Amino acid sequence: MKHKEFYKLMSLQERDKRSAGDESTADLYRAVRRHFKDYNRGREFFLTDMTTEVIYGFIEWLREKGLRVNSVNSYLSNLRAMYNRACLGWKKKPQESPFAGLRLRREKSRKRAIPVKEIVRIASLDLKDEPRKQQAADLALFSFVACGMPFVDLVHLTRENLTDGGKVLSYHRQKTGALIRMEVTPGMQALIDRYSCAGAKYLFPVLPEDATHEQYKHCLSTQNRYLDEIRQQLGMDGKLTTYVFRHTWASEAYHRHVAIGIISQGLGHSTEMMTRDYLAEFGLDKLAQANKQVSGRIEMLVRG
């Protein structure tokens, strides 16, 4: 590209991420490109146009749109990464980056955990006349009793993830690639059996075989919509999403004085890696003991 047209270079980077299977980053790159193009009112933009004034103007524009601090930070850090990559091999690259001096301070995330008594209320619901809503509740409960398993990992579970004669659930995190192994509890087994279907690829009948990333996002959106209906049905405040069950397991473990080496207060990316390293060191028995402390009452309700 003779004139280093930035939007085109951004699109190429998004395509590269998709080709590599990194759909989440590709989606974020697309969002950054669209926002940045809107900020510039669709005008052509070249690498030579990137200045400190443009960057800080973009920050202010994002804030005026009502984006939270961490969202603005995410867009800026990815814009910087895309700009730096676009500059590779560019002979006219400025000696000092227009991003020099930019400091992104994260805002403390709002707590997403809810009291375990609310999880008990969800587990106690009779939704047999609303099978899709029942399935959404069951998937959320499985996430909780499976040590806060992320939804993306849950819906991709297959029979191959059940090892040691079905006694151990073993899977790699979609986000980090970390190997997670845990004991299959009676409650987890009851939910697996409830949705068992001979010949099906996945343990839970949510995604079609060879599902695309867009199909997964639609599935996640549907799950969260049903969870919000459950929240309204129970008169719960705040939001109820797939993340809530993950954060609630971690929060409950922390408040029950589970060793910080097994579970930590936060669920950020770096904390996740640190926690999982400790889990691998302590082994299945320690994790099983911690999960029993946290999920025991929910287990009884799920098992019926």
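About the thresholds
As a convention, each chain's residues are numbered from 1 in the sequence order in which they are written. Where local features are concerned, this predicted model is filtered to residues with pLDDT of at least 70; where side-chain atom pairs are given and counted, the filter is 80 or more; whole-chain, interface and lining totals use all residues. The side-chain values count all of the structure's non-hydrogen atoms but skip hydrogen atoms and water molecules. The secondary structure listing takes helices from DSSP runs of H or I that are at least 4 residues long and strands from runs of E that are at least 2 residues long, numbered from the N terminus. Here's how the labels work: a residue is buried when its accessible area is under 20% of the maximum for its type, exposed when over 50%, partly exposed in between, all with a 1.4 Å probe on protein chains only. In this description, contact between two residues means that some pair of their heavy atoms is separated by no more than 4.5 Å. What a helix is expected to span follows from its residue count: subtract one and scale by 1.5 Å. By definition, the arc is the one covered by directions from the helix axis to the C-beta atoms. Think of it this way: a Phe, Tyr or Trp ring, Trp meaning its six-membered ring, pairs with another when their centres are within 6.5 Å, and the plane angle makes it stacked under 30 degrees, edge-to-face over 60, tilted otherwise. By definition here, charges over rings are those cases where NZ of Lys or CZ of Arg is within 6 Å of the ring centre and within 35 degrees of the ring normal. Every angle, taken between N-to-C directions, lies between 0 and 180 degrees, and every axis is a line fitted to C-alpha atoms, over only the stretch in contact when it is a helix. Put simply, angles under 35 degrees are roughly parallel, angles over 145 are roughly antiparallel, angles from 65 to 115 are roughly perpendicular, and the rest are oblique. Here a crossing is taken to be left-handed if its near helix is turned anticlockwise relative to the far helix by less than a right angle, and right-handed if that turn runs clockwise. For this classification, Asp, Glu, Lys and Arg are treated as charged, while Ala, Val, Leu, Ile, Met, Phe, Trp, Tyr, Cys and Pro are nonpolar and the rest, including Gly, are polar. The nonpolar core is taken to be a set of buried Ala, Val, Leu, Ile, Met, Phe, Trp, Tyr and Cys residues, with the residues joined through side-chain atoms within 4.5 Å.

Q: Would you mind showing me how to read the overall build of the chain here?
A: Per the secondary structure count, the chain includes twelve helices and three strands. Counting across all 304 residues of the chain, residues that qualify as buried make up 44%. For the chain, contacts bridging at least 24 residues in sequence account for 60% of all contacts bridging at least 6.

Q: Can you walk me through helix 3 (residues 52–64) in this structure?
A: Count 3.6 residues to each turn of an α-helix, and residues three or four apart come out pointing the same way. If you check helix 3, its first and last C-alpha atoms are 18 Å apart, about what 13 residues at 1.5 Å a residue would give, namely 18 Å. Looking only at helix 3, the buried set comprises V54, I55, F58, I59 and L62. Taken down its axis, helix 3 places every buried residue within 140° of arc, on the same side. With respect to the buried face of helix 3, the exposed residues turned more than 90 degrees away are E53, R63 and E64. Where helix 3 is buried, its residues meet helix 2 (23–39) and helix 4 (69–86). Directly beyond the C-terminal end of helix 3, a positive phi value near 90° is found at G66.

Q: I tried to follow the environment of F204 on my own but got confused; where do I start?
A: Along the chain, F204 falls in the loop between helix 8 (186–194) and helix 9 (213–234). A sequence separation of 50 residues divides F204 from L154, and the C-alpha atoms of the two residues are 8.1 Å apart. Ignoring any residue separated from it by four or fewer positions in sequence, one finds F204 in contact with L139, F142, L154, L191, I192 and Y195.

Q: In this structure, what is going on with unusual backbone geometry? I would like to understand it.
A: What you tend to see is this: most non-glycine residues have negative phi, and most peptide bonds are trans. We note that C147 has phi near 60°; this positive angle belongs to a residue other than glycine. Relative to the elements of secondary structure, C147 occurs in the loop between helix 6 (131–145) and helix 7 (151–154). By relative accessible area, which is 5% here, C147 ends up buried.

Q: What am I meant to see in the packing of aromatic side chains here?
A: Any two aromatic rings considered together are summarised by their centre-to-centre distance and by the angle between their planes. Using the criterion set out here, one finds 14 aromatic pairs in the structure. An angle of 80° between the planes, with centres 5.0 Å apart, marks the rings of F36 and F45 as edge-to-face. For F45, a relative accessible area of 6% translates into the label buried. Aromatic pair Y195 and F204: ring centres 6.1 Å apart, planes at 55°, arrangement tilted. Looking at Y195, the relative accessible area reads 15%, which means it is buried. Put simply, the rings of F6, Y7, F36, Y39, F45, F58, W61, Y83 and F99 touch in pairs and so form one group of aromatic residues. The positively charged end of R225 is found above the aromatic ring belonging to Y226, 5.1 Å away from the centroid.

Q: So what exactly am I meant to see when it comes to the packing of helix 6 against helix 10 (residues 242–255) here?
A: Packed helices, taken two at a time, are described by their axes: the angle between them and the distance between them. One can describe the packing of helix 6 onto helix 10 by two numbers: an axis separation of 8 Å at closest approach and a directional angle of 30°. When the axis of helix 6 is compared with that of helix 10, the two are roughly parallel. Crossing geometry of helix 6 relative to helix 10 is assigned as right-handed. Judged by residue contacts, A140, S143 and F144 of helix 6 engage F245, R246, T248 and W249 from helix 10. Taken together, the residues of the contact of helix 6 with helix 10 sort by class into four nonpolar, two polar and one charged.

Q: Sorry, what's going on with the nonpolar core here?
A: Note that soluble globular proteins tend to have their nonpolar side chains buried in a common cluster. Counting residues in hydrophobic clusters, the biggest one holds 53 residues, and the most contacted among them are F142, F144, L169, I230, L240, F245 and I298. The element that contributes the greatest number of residues to this core is helix 6, accounting for seven residues. Excluding its chain neighbours within four sequence positions, the residues that come into contact with F142 are M149, L154, L157, L169, M188, L191, I192 and F204. If you look at the next biggest cluster of nonpolar residues, it comprises 26 residues, including Y7, F45, I55 and F58.

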